[in-house]
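An overview of the molecular structure
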Amino acid sequence: MALVESALDPATAVRREVVAAGEPWMGSLSEGQHFRIVDLRGNQAVDTLFYRAQTLEERYSAQDTIREQGGLYLTSGSVLLSNECNPMLTIVADTCGRHDTLGGACSAESNSVRYALEKRDMHSCRDNFLLALAHLGALYGRDFNKRDLASNINFFMNVPVTPQGQLTFADGISAAGRYVEMRADMDVTVLISNCPQLNNPCNAYNPTPIEVLVWEAP
Ligand SMILES: [Zn+2]
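Attention in this report is confined to the structure presented alongside it. These numbers come from a predicted model, not from an experiment.

**Quick look at the nonpolar core**
Core analysis: the biggest nonpolar cluster contains 28 residues, and Phe35, Ile37, Phe50, Phe155 and Met182 have the highest contact counts within it. Residues in contact with phenylalanine 155, not counting those within four places in the same chain, are Ile37, Gln44, Ala45, Val46, Thr48, Phe50, Ile91, His99, Val180 and Met182. Of all hydrophobic cores here, the second largest spans 16 residues; its members include Cys125, Ala132, Phe144 and Met157.

**Regarding the sheet that holds strand S4 (residues 46–52)**
Sheet strands pair by backbone hydrogen bonding; their relative direction is either parallel or antiparallel. The strand order across the open sheet built from four strands is S2-S9-S4-S7, with neighbouring strands paired in antiparallel fashion. The strands lining the two open edges of the sheet, one partner per strand, are strand S2 (24–29) and strand S7 (153–155). The average angle at which neighbouring strand axes cross in this sheet is 30°, direction not considered. As defined by bridge partners, S4 adjoins strand S9 (residues 188–194) across seven bridges and the pair is classed as antiparallel. When the bridges of S9 are listed, phenylalanine 50 appears paired with valine 190.

**Let's talk about the environment of serine 61**
Looking at the secondary structure, you find serine 61 in the loop between S4 and helix H1 (62–69). In this structure serine 61 comes out as buried when scored by relative accessible area, which is 5%. Considering only alpha carbons, one finds serine 61 and phenylalanine 50, 11 residues apart in sequence, at a separation of 8.9 Å. With residues near it in sequence (within four places) discarded, serine 61 still touches Leu81, Ser82, Asn83 and Ser151. Within polar-contact distance, the side chain of serine 61 engages the side chain of aspartate 64 at 2.6 Å.

**Focus on the environment of aspartate 127**
When you line up the elements, aspartate 127 lands in helix H3 (residues 125–140). Judged by its relative accessible area of 37%, aspartate 127 falls in the partly exposed class.

**Quick notes on the environment of asparagine 43**
Inspection of the secondary structure assignment puts asparagine 43 in the loop between strand S3 (34–39) and S4. For the pair asparagine 43 and tyrosine 205, spaced 162 residues apart in sequence, the C-alpha to C-alpha distance is 9.7 Å. In terms of polar contacts, asparagine 43 uses its side chain to reach the backbone amide nitrogen of serine 174, at 3.1 Å.

**Side note on the pairing of S3**
Of all six residues in S3, six are buried; the element is thus mostly enclosed. Where S3 and strand S8 (residues 178–184) come together, six bridges link them in antiparallel fashion. What sits directly across from histidine 34, in S8, is arginine 183. Pairing of S3 with strand S10 (residues 210–215) involves six bridges; the strand directions are antiparallel. When the sheet's bridge partners are listed, histidine 34 is paired in S10 with tryptophan 215.

Procedures and definitions
- Residues numbered from 1 in each chain as written.
- Predicted model: local features only at pLDDT ≥ 70, side-chain atom pairs only at ≥ 80, totals over all residues.
- Heavy atoms only, no water.
- Core = buried A, V, L, I, M, F, W, Y, C linked by side-chain atoms within 4.5 Å.
- Buried < 20%, exposed > 50% of the residue type's maximum accessible area, 1.4 Å probe, protein only.
- Contact = heavy atoms within 4.5 Å.
- Pairing = 2+ DSSP bridges.
- Helix = DSSP H or I, 4+ residues; strand = E, 2+ residues; numbered from the N terminus.
- Axes fitted to C-alpha atoms, helices over the stretch in contact; angles between N-to-C directions.
- Polar contact = N/O pair within 3.5 Å; in protein donor to acceptor, adjacent residues only side chain to side chain.

Next up, the structure:
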């Protein structure tokens, strides 16, 4: 995998925020803006949903993205497609090299099936997304709920597929300071759950903070 660095300087970003370990984050991007997520301490999983701004009906589709690029992993050059096959964002820089879009988001249900029944009530990405969607629904005067949760991306998460087609939740390949950067190809709403998972080797069982940055169109 080829790593691609960005020429953009963090000092010129118009928005720059640290998202604490385990917390959700919501933001909007205008077409042409660049959006970077930095894995500050390494091997954090950043579960992310994208929607066309002002509507949740058109949203990121893992299935369309995988089919059109003819590959399972996301990295520089990947065009993130919507369920209407419109380009939403393009990954323009990536110093990690591989991001997952097959593993889905952790939830109370997956916590209990994958780990143990008593893990059911542990904090999960699905709960983070539902919390963020409730805020978004209040802004739009709509009732957003589980139906509005579609496929997500797990930035910095390593889920290799074996030649037999099995998914493996493997140790992370990211490291402190690695980042992924996208150009918005339409106005988008971004929902992030900075994964609070304590049971998965992908983040070394230790959720850590990330930084998000936005630049005006270069
Ligand atoms: Zn999670």
